[in-house]
Amino acid sequence: MTVLNLLATGAHVAAALVVVLAIAWLGAIAARRLRQPEVIGEIIAGLLAGPAALALLGHATFTVVLPAEIIDILKTCSEVGLILFLVGLAHKLRIGARQVPRGTAAWVVVGGIVPALASGVVFACWIIFAGEPGERGGAPLPAFLMMCAVVLSITAVPVLARILADRGIADTREGRLSMTAAVVIDTVGWLLLSVAVALGAGRPDGVLRAFAVLVGGLLVALAVRWALRTKAANALCGRWPAVTAVLLAAIALTVAFSVEKAGLTDIFGAVLVGLAVPPDGPWRKIVSGVSRVGRALVPVFFVVTGLTVFATGLGSLPWVLMLVAIPLAVLGKGGGSYLGTRLAGEPRITAAKVGALMNTRGLTELIVLKVGYSAGILTLPVFVALVLTAVVTTVMTGPLLLFLDRGAGRAQPAPVPVTVESLDGAHD
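To keep things clear, this report deals only with the structure shown in the data block. (Residues numbered from 1 in each chain as written. Predicted model: local features only at pLDDT ≥ 70, side-chain atom pairs only at ≥ 80, totals over all residues. Heavy atoms only, no water.)

Structural notes on the overall build of the chain
This is how it is decided: Only DSSP runs of H or I covering at least 4 residues are called helices, and only runs of E covering at least 2 are called strands; the numbering of each starts at the N terminus. Here's how the labels work: a residue is buried when its accessible area is under 20% of the maximum for its type, exposed when over 50%, partly exposed in between, all with a 1.4 Å probe on protein chains only. In what follows, a contact means two residues having at least one pair of non-hydrogen atoms within 4.5 Å.
Counting secondary structure elements, the chain contains 17 helices and 0 strands. With 428 residues in all, the chain has 50% of them scored as buried. Excluding contacts between residues fewer than 6 apart, the proportion of contacts in the chain whose partners are at least 24 apart in sequence is 83%.

As structure tokens, this is what we get:
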């Protein structure tokens, strides 16, 4: 590729980034005016971007304005932003790890995944025994059951992270509980997704490969942790923080993309690096800088997903499937997380907020659905119903948290007015 071609491609990508960020910005403004978390507006704007662009430009003009090469570069930019942002979120989890006992986190994880997996199996059985002809498809039964279970049990770590950050509750009890549980559940979910795809393709060896990648990722994280604790790393961090931030970002991207190439999600690699960074000293400032760069690029993730997943349209709406899927999703994930948090001994208001936050599926579920649909495990009607389930359950999060906050405010005891008589009584 010549220098002129490189310059032209760079200018094209820069212009596309400006438009993409403008779309996300408009969505965030609309969400803020509706008293929703900004990330909800970014998601909906992103989902609508592809179909709207196609309707306005037509397919031929659309492919000229945004050719596949440019979309691929934008996708890479969005993944870079997501990885860097999650490094910071995972590091915050480690800083506050002592505030979330393992036993408490374990109860939240169990409550957030077991009932949700069961609700997914119930949904699959409903399709098998009561669904319309053609909704089941021809995938092997174990693959279909596991895929539906994974879809309804997943939590969108990136979207949850943005909601926590937008509302300023990342450091609260419910914020730490939900984020810790979501990371664990999503790791398990991606492993189960690998199992479902392997079963659908008739290759059980894919399961062993997924577990091998998991173990390898943990070993790499331990190596990163050891390297960052050396005197040389601490000296570099204190003397040249900007250089250290660049090196940390490079390490995170290398680990995350390597994990993704090996078969797991890059989210897992990003979280491992974030947990490996020392929690004290100048490292907090280094990680904060890396995370800010990532947060600026996260909206690209939403818009690019809308462009790539929904640009071809969704077809007709399967209303019956949606009416079955949405209550099962809310009951299994939200209700299960509430129950698990209560069994851990947390107050009702904390459990309710954890349930609302864990019910956030967002684009993580959309990615999982795309994998299942591309693998031939999910049919188009099921795919569309579960896509809309992901959107509805994510949009519910903001109003539910607002309602719970107002309820908690009403539940506070009214202040007792101070009078002369009461002061006299106190002295007595």
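Here we look at helix α14 (residues 348–358)
Most of α14 sits out of view: 8 of its 11 residues are buried. Within α14 the residues assigned to the buried category are Thr350, Ala351, Lys353, Val354, Gly355, Ala356, Leu357 and Met358.

Here's the deal with the side chain of Thr350
Within the secondary structure, Thr350 sits in helix α14. The class of Thr350 is buried, set by a relative accessible area of 9%. Leaving out residues up to four positions away in the same chain, Thr350 has contacts with Arg173, Glu174 and Leu177.

Side note on the packing of helix α10 (residues 241–262) against helix α11 (residues 266–276)
Note the cut-off: Interaxial angles span 0 to 180 degrees and are taken between N-to-C directions of axes, which are lines fitted to C-alpha atoms, for helices over the stretch in contact. Left-handed describes a crossing whose near helix is turned anticlockwise from the far helix by less than a right angle; the clockwise case is right-handed. Here the nonpolar group is Ala, Val, Leu, Ile, Met, Phe, Trp, Tyr, Cys and Pro; Asp, Glu, Lys and Arg are the charged ones; every other residue, Gly included, is treated as polar.
Following both chains from N to C, one finds α10 and α11 inclined at 145 degrees, their axes separated by 7 Å at the closest point. Once α10 is placed against α11, the crossing between them reads as right-handed. In this structure, α10 contributes Leu248, Ile251, Ala252, Val255, Ala256, Val259 and Glu260 to the contact, and α11 contributes Asp266, Phe268, Gly269, Ala270 and Val273. Along the lines of polarity and charge, the residues of the contact of α10 with α11 split into 9 nonpolar, 1 polar and 2 charged.

Thoughts on the pattern of salt bridges
Close approach of charged atoms lets side chains of opposite charge pair. So the rule is basically this: The salt bridge criterion pairs a side-chain nitrogen of Lys or Arg with a carboxyl oxygen of Asp or Glu, the two atoms within 4 Å.
Applying the stated rule across the entire model yields 6 salt bridges. One salt bridge in this structure joins Glu346 and Arg173, with 2.8 Å as the shortest N-O distance. One end of the pair, Glu346, is in the loop between α13 (319–343) and α14; the other, Arg173, is in helix α7 (residues 173–201), and 173 residues separate them in sequence. Glu346 gets classed as buried once you look at its relative accessible area, which sits at 8%. On the basis of relative accessible area, Arg173 is assigned to the partly exposed category, the value being 30%. Where Arg361 meets Glu365, a salt bridge forms, and the shortest distance between an N and an O atom there is 3.3 Å. Each member of the pair, Arg361 as well as Glu365, is classed as buried. In this structure, a network of salt bridges that share partners links the residues Arg167, Glu174, Lys353 and Asp405.

Side note on the nonpolar core
Threshold: Definition used in this section: a nonpolar core is a set of buried Ala, Val, Leu, Ile, Met, Phe, Trp, Tyr and Cys residues joined via side-chain atoms within 4.5 Å.
With 101 residues, the main nonpolar core has Leu86, Phe123, Met147, Met179, Leu248, Leu369 and Leu386 as its most contacted residues. Among all residues touching Leu386, those that are not within four sequence positions of it are Phe123, Val151, Leu152, Ala325, Glu365 and Leu369. Ala53, Ile70, Leu74 and Val304 belong to the second-largest nonpolar core, a separate cluster that totals 17 residues.

Looking at the environment of Ala24
Note that Ala24 resides in helix α1 (residues 3–33). Taking the C-alpha atoms as reference points, Ala24 and Gly41, separated by 17 residues in sequence, lie 7.4 Å from one another. Among residues more than four places away in sequence, those in contact with Ala24 are Glu42, Pro299 and Val303.

It is worth stressing that arrangement in space is one thing and function is another; only the former is reported here.
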